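The chain contents come next:
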Amino acid sequence: MNNSDKQLLVKNYFDALPENKFPNELKSRATVMLSGSAGWGIKEGSDQRADWDIHVLLSDEDYLAVSKKYGNDYVIDDREHAPVVFCQIHNKKWLQERLLGKDTAVLYLWIYTRGLFIQDKIDVEPLVSECRKGFLEKLPELQKNFHIQFSVRRLDTASCAGRGIMSGTGVNRGEMVKAALQTFSLIHGEPYPYNKWLAKHVRQLSEDGGRLVELCEQCLFETDFPKIVKLAKDLRDFMESAMEKAVGKERWIHYWWEFNKN
């Protein structure tokens, strides 16, 4: 299904929502975006497990009217529809806070640049474009900070595995892999998605992305502690090489502990 067909289907669904689900008078004033795998347009977005994750954004005044009518934290959870629909309803301020938040900005930039806009009545797309510019301005700092974060988790993983600490190894190697994939996305000048689609996103960035995912999966599923230590070092070498290709011979790539502020 192409994007035009998908936009029409979602718009028809939204426009047909009954008054007890969403006010008819506000439908023409809302921004509507299809998020998740269906909005991203990957093949998984059309399989039997996929749902429609819809974001509806309103002006502050219209959002207040919805909250008064349906209650705070109102969502539309439609399990009778095929595919299942989960519809979040927020005001524009909610999105601004996430696009500018320290821990949420990169993730929400990915969500809103990969989502499929059905209609944009409160001008969300210009806001996303402006945040994209800000992201690119901060990219060198993000690359450095995430690389250091990855390096810390890599050392923690190797240390735990070297001592045979099972739970510590499991927790830290998961965080190490997550940081590696997020950092690789930043190396390529891109924000990163939520965990579910992180590996798929990285695979699509480049051939090296595919090789990174394979190495990360080896790190996650290896059960022999000495091999985990070796794989973690291989992952370190891979990430240091990839970062050096992107930004040049920066000292923090190989001597990251001198720059670690945590």
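Our subject is the structure that appears above.
Let me sum up the structure you'll find in this document. Remember, it's a predicted structure, so these values are computed and weren't measured experimentally. Sequence order as written defines residue numbering, which begins from 1 separately in each chain. Only residues with pLDDT of at least 70 get local features here, since the model is predicted, and only at 80 or more are side-chain atom pairs given and counted; chain-wide, interface and lining totals rely on the full set of residues. Working from all heavy atoms in the structure, the side-chain values ignore hydrogens and water.

1. Here we look at the nonpolar core
As a rule of thumb, nonpolar side chains are buried together in soluble globular proteins.
Part 1 of the argument: Core analysis: the biggest nonpolar cluster contains 49 residues, and Leu95, Tyr112 and Leu235 have the highest contact counts within it.
Part 2 of the argument: When residues of this core are traced back to their parent elements, those giving at least two are helix H4 (92-100), helix H5 (105-114), helix H6 (124-163), helix H7 (166-187), helix H8 (198-205), helix H9 (207-221), helix H10 (225-247) and helix H11 (251-254).
Part 3 of the argument: Counting from the N terminus, the helices are the DSSP runs of H or I reaching at least four residues and the strands are the DSSP runs of E reaching at least two. Among the elements that make up this core, the one with the highest residue count is H6 (nine residues).
Part 4 of the argument: Residues count as neighbours in contact if any of their non-hydrogen atoms are within 4.5 Å of one another. Setting aside anything within four residues of it in sequence, one finds Leu235 in contact with Phe150, Met176, Ala180, Leu212, Leu215, Cys216 and Cys219.
Part 5 of the argument: The next biggest cluster of nonpolar side chains, apart from the first, holds 24 residues, and it includes Leu58, Tyr63, Val66 and Val85. Buried Ala, Val, Leu, Ile, Met, Phe, Trp, Tyr and Cys residues that are joined via side-chain atoms within 4.5 Å together make up what is termed a nonpolar core. Relative accessibility thresholds used throughout: buried, under 20% of the residue-type maximum; exposed, over 50%; partly exposed, between the two (1.4 Å probe, protein chains only).

2. Concerning the pattern of salt bridges
Note on pairing: side chains with opposite charge can pair once their charged atoms come close.
Part 1 of the argument: Salt bridge criterion: a side-chain nitrogen from Lys or Arg within 4 Å of a carboxyl oxygen from Asp or Glu. For the structure shown, the criterion picks out 17 salt bridges.
Part 2 of the argument: Here Glu130 and Lys133 are joined by a salt bridge, their closest N and O atoms 4.0 Å apart. Of this pair, Glu130 and Lys133 both sit in helix H6, three residues apart, which is roughly one turn of that helix.
Part 3 of the argument: Measuring nitrogen to oxygen at the nearest pair gives 3.2 Å for the salt bridge that ties Arg236 to Asp237.
Part 4 of the argument: Several salt bridges converge on common partners, so that one network encompasses Arg114, Arg132 and Glu190.

3. With respect to the pairing of strand E1 (residues 31-35)
Part 1 of the argument: The buried fraction of E1 is high, at five of five residues.
Part 2 of the argument: On E1, burial covers both faces: Thr31, Met33 and Ser35 on one face and Val32 and Leu34 on the other are all buried.
Part 3 of the argument: Pairing of E1 with strand E5 (residues 116-120), which is carried by four bridges, proceeds in the antiparallel orientation. Bridge pairing in E5 links Val32 to Gln119. A pair of strands counts as paired when DSSP detects no fewer than two bridges linking them.

4. Notes on the sheet that holds E5
Part 1 of the argument: Strand order across the open sheet formed by five strands is E3-E4-E2-E1-E5, with mixed pairing between neighbours. Both edges of this open sheet fall to strand E3 (75-78) and E5, since each of them pairs with a single strand only. Pairwise comparison of adjacent strand axes, ignoring direction, gives a mean angle of 15° for this sheet.
Part 2 of the argument: For helices, the fitted axis covers only the stretch in contact; all axes are lines through C-alpha atoms, and the angles between them, taken along N-to-C directions, range from 0 to 180 degrees. Here H4 sits on the sheet in contact with strand E2 (52-58) and strand E4 (85-91), set at roughly 90° to E4.

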